[in-house]
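Descriptive structure summary
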Amino acid sequence: MPSTAIRTARINGPGLLTIVVCALLWEVLVRGGVIQYSYLPAPTAILAGLYELLSTGQLWADTAHTLQAVIMGWAIAVATGIALGLMLGVSPMLRRYSLASIEVLRPMPGIAFVPVALLLFGFSLKTELVVIVLPALWPVLINTMGGVAGVHPRLFEVGATFRLSRASVVVKIVIPAALPSILVGLRLSLTLALVLAIVAEMVGNPTGLGYAVVRDQQALRPALMFADVIVIGILGILLNQALMQLIWWLFPAASRRTRGA
Amino acid sequence: MSAPATAAEPRFDPSPAHDLLFSCSGVSVVLSHAVGDRKILDDITFDVHRGEVFTIVGPSGTGKTTLIRVLGGLTPAATGSVHINGRLLSGPPEEAVIVFQDYSHALLQWRTVARNVAFGLEGRMVQAEIDERVHSAVELVKLDKNANDYPWQLSGGMQQRVQIARALAVRPSVLLMDEPFAALDAMTKATLQDELHRVRDETGTSIIFVTHDIEEAVYLGDRIAVITGSPGRIARTFEVDLPKPRDQIATRQLPAFLEFRYAVHQAIGLDAHA
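Residues numbered from 1 in each chain as written. Chains lettered and ligands numbered in written order. Predicted model: local features only at pLDDT ≥ 70, side-chain atom pairs only at ≥ 80, totals over all residues. Heavy atoms only, no water.

Looking at the overall build of chain B
- A tally of helices and strands in chain B yields 10 helices and 10 strands.
- The globule rule puts the C-alpha radius of gyration for 274 residues at 19 Å, and the 19 Å found for chain B is close to it.
- Taking the principal axes of the C-alpha coordinates as reference, chain B spans close to 45 × 45 × 45 Å.
- Counting every position in chain B, which comprises 274 residues, the buried fraction comes to 54%.
- Looking at chain B alone, contacts between residues at least 24 apart form 69% of all its contacts between residues at least 6 apart.
- On chain B, roughly 12000 Å² of surface is accessible, and the fraction owed to carbon and sulfur atoms is 53%.
- Measuring between centres, the 26 positive side-chain charges of chain B sit 2 Å from its 34 negative side-chain charges. (Helix = DSSP H or I, 4+ residues; strand = E, 2+ residues; numbered from the N terminus. Rg over C-alpha atoms; globule rule 2.2 N^0.38 Å. Buried < 20%, exposed > 50% of the residue type's maximum accessible area, 1.4 Å probe, protein only. Contact = heavy atoms within 4.5 Å. Areas by Shrake-Rupley, 256 points an atom, 1.4 Å probe, with all protein chains shown as cover. Lys, Arg positive; Asp, Glu negative; His and termini not counted. Charge placed at Lys NZ, Arg CZ, Asp CG, Glu CD.)

A few points about the interface of chain B and chain A
- Across the contact, 25 residues belong to chain B and 17 residues belong to chain A.
- Taken together, the two surfaces of chain B and chain A that pack against each other cover about 2000 Å², and 64% of this comes from carbon and sulfur.
- Taken together, the links from chain B to chain A amount to 3 salt bridges.
- The closest approach of N and O atoms between Arg69 of chain B and Glu157 of chain A, which form a salt bridge, is 2.5 Å.
- Applying the counting criterion to the chain B and chain A interface returns 8 residue pairs in polar contact (both at pLDDT 80 or more).
- If you list the elements that add at least two residues to the side of chain B that touches chain A, you get strand E6 (96-99), helix H2 (103-106) and helix H5 (156-169) of chain B.
- Counting residues per element, the side of chain B that touches chain A draws most heavily on E6 of chain B, at 3 residues.
- Here the residues of the side of chain B that touches chain A are counted per class, giving 16 nonpolar, 2 polar and 7 charged. (Buried area = accessible area lost by both parts, 1.4 Å probe. Salt bridge = Lys/Arg side-chain N within 4 Å of Asp/Glu carboxyl O. Polar contact = N/O pair within 3.5 Å; in protein donor to acceptor, adjacent residues only side chain to side chain. Nonpolar A, V, L, I, M, F, W, Y, C, P; charged D, E, K, R; others polar.)

So, the nonpolar core
- Counting residues in each nonpolar core, the largest one holds 117 residues, and the members touching the most others are Phe22, Val117, Leu176 and Ile208 of chain B.
- With 15 residues, helix H8 (residues 166-203) of chain A is the single largest residue contributor to this core.
- Structurally, this core is a two-domain feature, drawing no fewer than three residues from each of domain 1 (18-95 + 174-273) and domain 2 (102-171) of chain B.
- Within the second largest apolar cluster, 14 residues are counted, among which are Val57, Ala217, Val226 and Val240 of chain B. (Core = buried A, V, L, I, M, F, W, Y, C linked by side-chain atoms within 4.5 Å. Domains from an automatic or database assignment.)

A few points about unusual backbone geometry
Residue and element names in this part refer to chain B.
- With an omega of 0 degrees, the peptide bond between Ser230 and Pro231 qualifies as cis.
- With respect to the helices, strands and loops of the structure, Pro231 is situated in the loop between strand E9 (223-228) and strand E10 (233-239).
- Phi is positive for Glu179, close to 40 degrees, though the residue is something other than glycine.
- Mapped onto the elements, Glu179 comes out in the loop between strand E7 (174-178) and helix H6 (186-203).
- Relative accessible area serves as the criterion here: at 11%, Glu179 is assigned to the buried category.

Focus on the packing of helix H3 (residues 58-90) of chain A against H8 of chain A
Residue and element names in this part refer to chain A.
- Relative orientation of the contacting elements H3 and H8 amounts to 145 degrees, with a least axis distance of 8 Å. The hand of the H3/H8 crossing is right-handed. The segment H3 lies against H8, with His65, Thr66, Val70, Trp74, Ala77, Val78, Ile82, Leu86 and Val90 engaging Val174, Ile175, Ile182, Leu186, Ser189, Leu190, Ala193, Leu194, Ala197, Ile198 and Glu201.
- Classifying every residue of the contact of H3 with H8 gives 16 nonpolar, 3 polar and 1 charged. (Axes fitted to C-alpha atoms, helices over the stretch in contact; angles between N-to-C directions. Left-handed = near helix turned anticlockwise from the far one by under 90°.)

A short note on the pairing of strand E2 (residues 36-49) of chain B
Residues and elements named next belong to chain B.
- One ladder, built from 10 bridges, connects strand E1 (residues 20-33) with E2; its direction is antiparallel. Across the sheet, Ser32 pairs through a bridge with Asp37, a residue of E2.
- Joining the antiparallel neighbours E1 and E2 is a turn of 2 residues. (Pairing = 2+ DSSP bridges.)

Side note on the pattern of salt bridges
- In total, this model carries 25 salt bridges over all chains according to the counting rule given.
- A salt bridge links Glu52 of chain A to Arg221 of chain A, with the nearest nitrogen and oxygen atoms 2.8 Å apart. Taken together, the residues Glu52 of chain A in helix H2 (residues 43-56) and Arg221 of chain A in the loop between helix H9 (208-218) and helix H10 (222-250) connect sequence positions 169 residues apart.
- Residue class for Glu52 of chain A comes out partly exposed when judged on its relative accessible area of 32%.
- The residue Glu215 of chain B makes a salt bridge to Arg252 of chain B at a minimum N-O spacing of 2.8 Å. Taken together, the positions of Glu215 of chain B in helix H7 (residues 214-220) and Arg252 of chain B in helix H8 (residues 250-253) put the pair 37 residues apart, joining distant regions of the chain.
- Residue classification places Glu215 of chain B among the partly exposed positions, given a relative accessible area of 25%.
- The network of salt bridges with common partners includes Arg154 and Glu157 of chain A together with Arg69 and Asp102 of chain B.

Considerations on the sheet that holds strand E8 (residues 206-211) of chain B
All names here are of chain B.
- As summarised here, the arrangement of the 6 strands in space is E6-E7-E8-E3-E9-E10, forming an open sheet in which the pairing is mixed. This sheet does not close on itself; its edge strands, each paired only once, are E6 and E10. Sheet twist, expressed as the mean angle between neighbouring strand axes with direction ignored, is 15 degrees.
- The pairing of strand E3 (residues 53-57) with E9 spans 4 bridges and is classified as parallel.

Section: the domain arrangement of chain B
Residue and element names in this part refer to chain B.
- Per the domain assignment, the segments making up chain B are domain 1 (18-95 + 174-273) and domain 2 (102-171).
- If you average the C-alpha positions of domain 1 and of domain 2, the two centres end up 24 Å apart.
- With both sides pooled, the region where domain 1 packs onto domain 2 buries about 1000 Å², and carbon together with sulfur makes up 69% of that total.
- There are 1 salt bridge connecting domain 1 and domain 2.
- On inspection of domain 1 and its partner domain 2, the count reaches 3 residue pairs in polar contact (both at pLDDT 80 or more).

Looking at the confidence of the model for chain B
- Counting all residues, the mean pLDDT for chain B is 88, and 92% of those residues have values of 70 or more.
- Scored as a whole, the predicted complex attains pTM 0.80, and scored at its interfaces, ipTM 0.87. (pLDDT = per-residue confidence, 0-100.)

Here it is as structure tokens:
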């Protein structure tokens, strides 16, 4: 059972049926004139819009840009978050000095940094990265710190009785023991990174899928706009699945311990 | 781990007796609690020789676990000194490995049995030697069929064997065992007691074994130290001259076994607490 390589390949029939029924209902209501908004297209119109986006090639360029921003921002957040989380996790003194600052910074809505980032970096990928990294950092940092601080004290004594160096204790005990918790942080952070990239593109850097939504809205092309939104949704699902799969391949034992988290 | 802060005695020159492994003299331990300092152990003096099974028995709260931690270099002694192979102990010695009671916390749950056993060897020898040592340690505790299982897939007794194998793999001179079988059922316990004797016979490893089970202390021990009171002191020591190899049924029925059991009971003074 745990050797199944791709666990998500099974198709969820009843779940799919619900979606199809909802789409049909939507189609019927719009076509029958029950719902009347000037800019609410029917699902078939959205599909046609999706086809149009795919055929012009614009969609690929937009997706590639957003994907790049998400991956880069997430990677920076992950590297920084794990490093800081480990330091804070192993050192109660460091925690005493910095937890207050973290609790002040953490609830700040990252999007409030857009004007600041725009002033500093203009319409650029850097602006986007600033908006992504600051909020996406916290889930990684907090989960890493919590995971490390939660390592059972006995394990440190095991490290001591086998005369491990401090560095070996971190590499062989602390990180693996905290890994399930760190992985939860990585997943939360990735989801957040996509949301932030889209927002940053909507209000800051005018490129990518976030800007595509705004662009098609301003062009009064609601079918294209909805198609953009659907693409963003699919991107989110794919990113999460890709990460889950990666974790499954890299850390089979740890992903068994985090399943459902 | 820092050296004992107040090793007040002049540096003790141990006797060159070849088989002397551990030598504890006048050890006391004071632990700080929120409410203040508390003396856990007082004036503990004993020697342990090579290949010997030295059992330490006493009621709970007498500092038995603390004593194991002192011998393993995890807790410094407040006064007195511990020598291992003639060296003053300061921090975990390479000759000794502690086997903890709570195997579920002491094992690395993310590693297989084989990789748990390899834990103390990594980075200290070539991979081929690690593999060879892991193989023989795992075989010694009869877990060869489970080498690729994770600890959580094993029973409690098997998990405790993994911990014993992990300790044996580094080829220590002495195993420091802190009530290792206390959480196991009676049958598993009996099996592991016999395996421990077999391991000692095959490897010559000394064993310092803490327990609150009097019969276990008598059955396993070549010598027994009875530790009582708070702070804990050694009330008596016994030389156990029961025949070897010991046998779960025959040994336990010997009049001499029953006499030892009675004598240890008396030394602990159980009726006084009843």
